[in-house]
Amino acid sequence: MEFSAVIFYLFAAILLLAGLRVITAKNPVHAALALVLAFFTAAGLWILLEAEFLAITLVLVYVGAVMVLFLFVVMMLDINLEQLRQQFWDYLPIAALVAGLLIVQMILVLGGETFGLNPPAPKPAGYSNTKELGLLLYTEYVYPFELAAVILLVAIVAAIALTLRRRAGVKWVDPAVQVKVKREGRVRLVNLKPQKPQAQSEEDA
């Protein structure tokens, strides 16, 4: 067995264990940390599959931003763990169906030669998957990409609008008033006449 295959199966086992720990951990913080491990392991698998750009994006976006936000939210909220544990087994049928579909997909991808599927051709020298991804994203899929960006912008504005509430004792700012501000209303220029420094007395000298 080649060294790359050993690394692949090792990372795959870690990824499965981390994913299992995400849904079975009783502490939400432990589950979030296990999800971080799963993201790092998935990034390693993508590097093995020569998808370096997607691996770096996964680490920077999800591990560096989204998971930090998850941890902040989980640690700041007062979550009732007992109530969450009572409803854990109610989602077992749906979770089993999704897991079964994922297993079938992985079998078809990894065992493509066994099922008569054509394996991907080897990449030529100097091939850049980042360049190919950018060309495909900004040519053939440019409109869906822009639509996704607009949807994310609407989600950000909606989240801000939902949390922007006027409460007693909390300072808030009206953006419309800030936009209408002019320089004359905020800045006052003072003309100071130059003054000569007074000569020190002989006693001070």
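These figures come from a predicted structure and were not determined experimentally. (Residues numbered from 1 in each chain as written. Predicted model: local features only at pLDDT ≥ 70, side-chain atom pairs only at ≥ 80, totals over all residues. Heavy atoms only, no water.)

## Some words on the overall build of the protein chain
When helices and strands are counted, the protein chain shows 9 helices and 0 strands. N-terminal to C-terminal, the α/β element order of the protein chain is α-α-α-α-α-α-α-α-α. Counting all 205 residues of the protein chain, 12% fall into the buried class. Looking at the protein chain alone, contacts between residues at least 24 apart form 53% of all its contacts between residues at least 6 apart. As presented, the protein chain carries roughly 18100 Å² of accessible surface, and 68% of it is formed by carbon and sulfur atoms. (Helix = DSSP H or I, 4+ residues; strand = E, 2+ residues; numbered from the N terminus. Buried < 20%, exposed > 50% of the residue type's maximum accessible area, 1.4 Å probe, protein only. Contact = heavy atoms within 4.5 Å. Areas by Shrake-Rupley, 256 points an atom, 1.4 Å probe, with all protein chains shown as cover.)

## So, the nonpolar core
The biggest cluster of nonpolar side chains holds 10 residues, and these are Ala 32, Val 36, Phe 39, Ala 42, Ala 43, Ala 55, Leu 58, Val 63, Met 67 and Leu 71. Broken down by secondary-structure element, the contributors of at least two residues to this core are helix 2 (28–48) and helix 3 (52–76). If we ignore the near neighbours within four places in the chain, the residues touching Val 36 are Val 63 and Met 67. (Core = buried A, V, L, I, M, F, W, Y, C linked by side-chain atoms within 4.5 Å.)

## Considerations on the packing of aromatic side chains
Taken as a whole and judged by the stated rule, the model has 3 aromatic pairs. For the pair Phe 8 and Tyr 9, a centre-to-centre distance of 5.7 Å together with 75° between the ring planes defines the contact as edge-to-face. Ring geometry for Phe 39 versus Tyr 62: centroids 5.4 Å apart, planes at 50°, classification tilted. Here Tyr 62 lies in helix 3 and Phe 39 lies in helix 2, a separation of 23 residues in the sequence. (Phe/Tyr/Trp six-rings, centres within 6.5 Å; stacked < 30°, edge-to-face > 60°.)

## Digging into the packing of helix 1 (residues 3–24) against helix 2
Axis separation between helix 1 and helix 2 bottoms out at 8 Å; the angle between their running directions is 155°. Between helix 1 and helix 2, the angle falls in the class roughly antiparallel. Crossing geometry of helix 1 relative to helix 2 is assigned as left-handed. Side by side, helix 1 and helix 2 meet where Ser 4, Ile 7, Phe 8, Phe 11, Ala 12, Ile 14, Leu 15, Ala 18, Arg 21 and Val 22 of the first sit next to His 30, Ala 31, Ala 34, Leu 35, Leu 37, Ala 38, Thr 41, Ala 42, Gly 44, Leu 45 and Leu 48 of the second. Tallied by class, the residues present in the contact of helix 1 with helix 2 amount to 16 nonpolar, 4 polar and 1 charged. (Axes fitted to C-alpha atoms, helices over the stretch in contact; angles between N-to-C directions. Parallel < 35°, antiparallel > 145°, perpendicular 65-115°, else oblique. Left-handed = near helix turned anticlockwise from the far one by under 90°. Nonpolar A, V, L, I, M, F, W, Y, C, P; charged D, E, K, R; others polar.)

## Details of a nonpolar patch on the surface
Among the surface-exposed residues, Trp 46, Leu 49, Phe 53, Leu 54 and Leu 133 lie close enough to one another that they form a single nonpolar patch of about 440 Å² accessible area. Here Phe 53 shows up in helix 3. Its relative accessible area of 37% is what places Phe 53 among the partly exposed residues. (Patch = residues over 30% accessible without salt bridge, like charges linked within 9 Å, V, L, I, M, F, W, Y side chains within 5 Å. Salt bridge = Lys/Arg side-chain N within 4 Å of Asp/Glu carboxyl O.)

Structural measurements only, silent on function.
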